[in-house]
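Coordinate inspection notes
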Amino acid sequence: METVAMYWEPQIKTYGFQVVKNLALYKYRIPADLPARWERAIERIEEGQNRFQLVCAQLSEPSDLDLLLLCDPEQGASLARQIEAEIPAVADRRQVIAPVELIFFQGPHFGDRFGVADFTYKALKEQAGLLLAAVFACASIYLILPEGAADETKNLLAAAFRIPG
Amino acid sequence: MAKVNIKGLKISGELCLVRLRAASRDSSLLPVFCSTLAGSQLNMPFLSAAYRAGGIQAAGCVDVAHQASLKRLLDAEPLLQKHVEYIPGVGLLTLFPHQSSMKLFGLSLRALAQANLPVFALASSIGALTYVLDYARIEKAAAVLQAQFKLAGNHAPFRVEFVVSQGTQSRPGNSE
């Protein structure tokens, strides 16, 4: 049985915006079947207390995953060294953008409601053209931006979304 | 070695993966895609987009029941029609919390690869790590991750038994 209900917020609520600056965005192209050398490289970065701000990946070609890893610059450099110790050739192929800035926020049932991504892009206006990456997963939204863009972007989002007082 | 603790594993219903790719960085591609779906009240429980100088690459998931109408909608949108590819029969496997841990990420990615379970996409959120996987093998993937991690209180992977979705339209196939 299905119950159809309508809940519509003309101004979508969020619990507030978090901004993190001075991050590094690492991009790696990984064979999707993780051959042994890549498995060993991934195993290396599992060691210690390595942390990420965001990881995301998608198939770029049938056999490759494009992995984005957002973390503190020191952490990213350390992870890169560990990966390149296993696969030296990766050093020539990976891309690093730093510094970058992150805005993330969440709201009630964002993942279950249509229109939240649309509302976000409309709120961003021209700033959408600056995005380096965007993730909408579960009830969270993560936007990665070049250095200096987060504050203006946050102002645009704050003007569009409602933060209950 | 002690297993890493997690609190749970959640399995979604069946979804259709939509891949968007454009060789140029047209800033209107994603906004038009999202606007088109919103206009038809289609929810995306997962969307990940990566932008680079040479183009845009995105992966979004929609309830598989809406696949036919989704295809009609996107095919009718001139800006999108040449940039869309569909992969039906995917599902989301979400493990939580990820604790921002590279160890947890690496262990889960390697476990899925060792079991020959292809990953179409993945993304972290504030507390969870979500994999987009072949729906026909998602139970196996859940079992693989269950074996890799220690679930709190001996919890088992659980399927979403009901879905809260916003809208005024019935889900296709639910006519009662």
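Residues numbered from 1 in each chain as written. Chains lettered and ligands numbered in written order. Predicted model: local features only at pLDDT ≥ 70, side-chain atom pairs only at ≥ 80, totals over all residues.

1. What about the environment of A58 of chain B?
Residues and elements named next belong to chain B. Along the polypeptide, A58 turns up in strand β5 (residues 55-63). Given 24 C-beta atoms within a 10 Å radius, A58 is considered buried. As for A58 and A22, which are separated by 36 residues in sequence, their C-alpha atoms are 9.2 Å apart. (Helix = DSSP H or I, 4+ residues; strand = E, 2+ residues; numbered from the N terminus. Buried ≥ 20, exposed ≤ 12 C-beta atoms within 10 Å, placed from the backbone.)

2. Observations regarding the domain arrangement of chain A
All names here are of chain A. Looking at the assigned domains, one finds that chain A contains domain 1 (25-96) and domain 2 (99-160). Look at where the C-alpha atoms of domain 1 and domain 2 centre, and you get two points 25 Å apart. The interface of domain 1 with domain 2 comprises six residues on the first partner and seven residues on the second. Only β2 (54-61) and β3 (64-71) provide two or more residues apiece to the side of domain 1 that touches domain 2. (Domains from an automatic or database assignment. Contact = placed C-beta atoms within 7 Å.)

3. Some details on the nonpolar core
By size, the foremost hydrophobic cluster in this structure holds 107 residues, and its most contacted members are L70, A133 and I144 of chain A together with C61 and V132 of chain B. Aside from chain neighbours lying at most four places away, what touches A133 of chain A is C56, L68 and I144 of chain A together with A49, A50 and Y51 of chain B. (Core = buried A, V, L, I, M, F, W, Y, C linked by C-beta atoms within 7 Å.)

4. A word on helix α1 (residues 29-39) of chain B
By the burial criterion, the buried members of α1 of chain B are L29, L30, P31, F33, C34, L37 and A38 of chain B. Taken together, the buried residues of α1 of chain B touch α4 (116-124) of chain A together with β3 (15-22), β4 (46-52) and β5 of chain B. One or two steps after α1 of chain B, the chain reaches Q41 of chain B, where phi turns positive at roughly 60°.

5. Quick word on unusual backbone geometry
Looking along the chain, the bond that leaves A98 of chain A and enters P99 of chain A is cis, with omega of -5°. Among the structural elements, P99 of chain A can be located in strand β4 (residues 95-106). Between F96 of chain B and P97 of chain B the backbone carries a cis peptide bond, its omega angle lying at -10°. Examined against the element boundaries, P97 of chain B turns out to sit in the loop between β6 (84-96) and α3 (102-114). One non-glycine residue, K125 of chain A, lies in the positive phi region at around 50°. With respect to the helices and strands, the residue K125 of chain A is situated in the loop between α4 and β5 (133-137). Taking the C-beta count within 10 Å as the criterion, K125 of chain A has 12 such neighbours and is therefore assigned exposed.

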